[in-house]
Amino acid sequence: MASTAPDYALLARQLEALLDSDDWLVNTAQACAFIMQQVPELNWAGFYLQRQPELLTLGPFQGKPACNPIPFSKGVCGAAARGRQAQRVDDVHTVADHIACDAASNSELVVPVMREGTLWGVLDLDSPRHARFSDEDQAGIEGLVAIFVERTNLPDHLTSQ
Ligand code: SME
C-alpha cells in the first residue's frame, strides 16, 4: 500500500508557527488539533499528563471521549510512560493489556513527552487502519513532539499541586 505519510518537514514548520504562545494548555490543545487535521487516518489524537506519580491523566485531545486515568502499569500508554520510549503497535488487539477506548482503533503510536529528564506526559495517536504508523511516521511525530517541548513552558505538575 502507498505510504500515507504527510510531509513532516512541512508540518514541523507549520507547527512552529502555530505554537506562538508558551502556555502548555494552549499548546497541547493546538498541537493535537493540528495533528488530527494534518495526519491522515487518525481517529484520536491527544495528550495524557503525569500529574500524579505513575498515573496518566487525560489532557487535551481530539476524538471520542477517552479512558481516564491510565496507570503506568497498563496499556500502550502505560508502557510508553514506564519505559520513556515510543510505542508503536500495528494491531492493538494483539496487546493483552491494551485499553480499548474506541472499538474503531486498530493501530496506535504513543510518544513520551519529557521535561528535564522526567516524564511530563505522552502524546497518543490512534488509527482505524492496521499498521497505520511507519518508521517515517514515528520519526515525524517524534519531531513534532520535540518542537512542542521546545516551544512550551512545561510546568512541573508533579510537585506544584
Ligand atoms: N489505547 C490506549 C488508551 C488510550 S486511548 O487509545 C485514547 C492504551 O492502551 O494505553
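Since the structure is predicted, the reported quantities are computational estimates derived from the model, not experimental observations.

About the thresholds
Counting of residues starts from 1 at the beginning of each chain's written sequence and follows it residue by residue. Totals for whole chains, interfaces and linings use every residue, but because this is a predicted model, local features are given only for residues with pLDDT of at least 70 and side-chain atom pairs only at 80 or more, for both listing and counting. Only hydrogens and water are removed before side-chain values are computed, so all heavy atoms of the structure are retained for them. Strands are runs of DSSP state E lasting at least 2 residues, helices are runs of H or I lasting at least 4, and numbering of each runs from the N terminus. It only takes one pair of heavy atoms within 4.5 Å for two residues to be counted as in contact. Here, the term nonpolar core denotes a set of buried Ala, Val, Leu, Ile, Met, Phe, Trp, Tyr and Cys residues that are joined through side-chain atoms within 4.5 Å. Relative accessibility decides the category of a residue: with a 1.4 Å probe and only protein chains considered, values under 20% of the type maximum give buried, values over 50% give exposed, and everything between is partly exposed. Any two cysteine sulfur atoms within 2.5 Å of one another count as a disulfide. If DSSP finds at least two bridges between two strands, the strands pair. Fitted lines through C-alpha atoms serve as axes, helices being fitted only where they are in contact, and the angles separating the N-to-C directions of these axes extend from 0 to 180 degrees.

K.L.:
Which parts of the structure should I look at to understand the environment of K64?
P.N.:
Here K64 is to be found in the loop between β2 (55–63) and β3 (70–71). For the pair formed by K64 and P40, sequence separation is 24 residues and the distance between their alpha carbons is 17 Å. What K64 contacts, discounting residues up to four positions off in sequence, is N43, W44 and D102.

K.L.:
Would you take a moment to explain the nonpolar core for this structure?
P.N.:
Nonpolar side chains tend toward joint burial in soluble globular proteins. Ranked by size, the top nonpolar core spans 29 residues in total, and within it I35, F47, L125, I141, L144 and F148 carry the most contacts. Beyond its immediate chain neighbours, meaning those up to four positions away, I35 contacts L42, A45, L123, L125, I141 and L144.

K.L.:
So what exactly am I meant to see when it comes to the state of the cysteines here?
P.N.:
Here is the idea: a disulfide is a covalent bond, and it sits between the sulfur atoms of two cysteines. All told, the structure shown has 1 disulfide when counted by the stated rule. Note that C67 is cross-linked by a disulfide to C101, the S-S spacing being 2.3 Å. One disulfide, between C67 and C101, carries an S-S torsion of -140° and so falls in the left-handed class. Highlighted residues: C67 in the loop between β2 and β3 and C101 in the loop between β4 (87–89) and β5 (107–115), separated in sequence by 34 residues. Among the residues examined, C101 registers a relative accessible area of 35% and is labelled partly exposed. There is no disulfide at C32, and the cysteine sulfur nearest it, in C77, is 13 Å away. Using a relative accessible area of 1% as the deciding quantity, one classes C32 as buried. Free of any disulfide, C77 has its nearest neighbouring cysteine sulfur in C101, separated by 7.6 Å.

K.L.:
Before we go on, may I ask you to explain the sheet that holds strand β6 (residues 118–127) in this structure?
P.N.:
Sheet strands pair via backbone hydrogen bonds, and the direction of the pair is either parallel or antiparallel. Pairing within the open sheet is antiparallel, and its 6 strands lie in the order β3-β2-β1-β6-β5-β4. Of all strands in the sheet, those with a lone pairing partner are β3 and β4, marking the two edges. With 2 bridges connecting them, β2 and β3 associate as antiparallel partners. When the sheet's bridge partners are listed, L55 is paired in β3 with P71. Along the sheet, helix α2 (residues 24–38) contacts β1 (44–52), β2 and β6; its crossing angle with β1, the most-contacted strand, is approximately 155°. In the packing of helix α4 (residues 135–151) onto the sheet, contacts are made with β1, β4, β5 and β6, and the angle to β5 comes to roughly 30°.

K.L.:
So what exactly am I meant to see when it comes to the pairing of β6 here?
P.N.:
Along any regular strand the residues' side chains alternate between the sheet's two faces. The element β6 is largely enclosed, with a buried count of 9 among its 10 residues. Pairing analysis gives 9 bridges linking β5 to β6, with the strands arranged antiparallel. Directly across from R115, in β6, lies its bridge partner T118. Linking β5 to β6, which pair antiparallel, is a turn of 2 residues; within it E116 sits at a positive phi near 45°.

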